[in-house]
Amino acid sequence: MKTISSDVLSIKEFDEAIFKEKIDYITVVSNTELLFQLKDGSKIIKQWQFKRRQPAWSEERKKREAEKMKEAWRKKHEQNKDN
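Here the residue numbers are simple positions, counted from 1 along each chain's written sequence. Totals for whole chains, interfaces and linings use every residue, but because this is a predicted model, local features are given only for residues with pLDDT of at least 70 and side-chain atom pairs only at 80 or more, for both listing and counting. The side-chain figures draw on all heavy atoms in the structure; neither hydrogens nor water molecules are used.

In this section: the sheet that holds strand S3 (residues 43-47). Taken together, three strands build an open sheet; the order of strands is S1-S2-S3 and the sheet is antiparallel. Both outer strands of the open sheet, strand S1 (23-30) and S3, are each paired with one neighbouring strand and no more. Averaged over neighbouring strand pairs, the angle between their axes works out to 20° when direction is ignored. By the convention used here, strands pair only if DSSP detects at least 2 bridges between them. Labels follow the DSSP assignment, with helices taken as runs of H or I lasting at least four residues and strands as runs of E lasting at least two, numbered in each case from the N terminus. Throughout, an axis means a line fitted to C-alpha atoms (over the contacting stretch in the case of helices), and angles, computed between N-to-C directions, take values from 0 to 180 degrees.

This part takes up the nonpolar core. In terms of nonpolar packing, the biggest core is built from seven residues, these being Ile4, Val8, Leu9, Ile23, Leu34, Phe36 and Leu38. Secondary-structure elements contributing two or more residues to this core are helix H1 (2-9) and strand S2 (33-38). Other than its neighbours up to four places away in sequence, Ile23 contacts Val8, Leu9, Phe36, Gln37, Leu38 and Lys39. Working definition of a nonpolar core: buried Ala, Val, Leu, Ile, Met, Phe, Trp, Tyr and Cys residues. They are joined through side-chain atoms within 4.5 Å. Burial here depends on accessible area, computed with a 1.4 Å probe over protein chains only, as a share of the maximum for the residue type. Under 20% is buried, over 50% is exposed, and the range in between is partly exposed. Whether two residues touch is decided by their heavy atoms; if any such pair falls within 4.5 Å, the residues are in contact.

Now for the pairing of S3. Within a regular strand, the side chains alternate between the two sheet faces. Within S3, only zero of the five residues are buried, which leaves the element largely exposed. The pairing of S2 with S3 spans five bridges and is classified as antiparallel. Each residue of the ladder has a partner; that of Glu33, found in S3, is Gln47. Where S2 folds back on S3, the antiparallel hairpin that results is connected by four residues, among which Gly41 adopts a positive phi of roughly 95°.

Before going further, it helps to examine unusual backbone geometry. Leave glycine aside and you will find that most residues have negative phi; peptide bonds, for their part, are mostly trans. One non-glycine residue, Ser10, lies in the positive phi region at around 55°. Position of Ser10 relative to the elements: it lies in the loop between H1 and helix H2 (16-22).

Ring geometry is summarised as follows: Phe, Tyr and Trp rings, the Trp one being its six-membered ring, pair when their centres sit within 6.5 Å, and such pairs are stacked at plane angles under 30 degrees, edge-to-face over 60 and tilted between the two. In this structure the tally under the stated criterion is one aromatic pair. For the pair Phe14 and Phe19, a centre-to-centre distance of 5.6 Å together with 50° between the ring planes defines the contact as tilted. Taking the relative accessible area as the measure of exposure, Phe14 reaches 30% and is therefore partly exposed.

This brings us to the side chain of Gln37. Here Gln37 is to be found in strand S2. Look at Gln37 and you get buried, because its relative accessible area is 8%. Under the rule applied, a polar contact is a pair of N or O atoms within 3.5 Å (in protein, one hydrogen donor and one hydrogen acceptor; residues adjacent in sequence only if both atoms are side-chain atoms). Side-chain polar atoms of Gln37 contact the backbone oxygen of Gly41, separated by 3.3 Å. For Gln37, the residues in contact, after removing those within four places along its chain, are Ile23, Asp24, Tyr25, Ser42 and Lys43.

Structure, rendered in structure tokens:
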């Protein structure tokens, strides 16, 4: 966001003070577009690409994790029964 905002503001590096001074709000238009509403009334649409921080889990990994959670749940509830 800082890189895109810097581009919209035509500055080399992101500056929070300039951002607060010039940007009114940002709207996510779609999975690929952001709409910057500037305080002077102008609007700028920028293309963007959402980047995941982690790769999506495979079906195999989802199943393994689900089994781990079920086992943890069973152990917890068995301990509560015994108490």
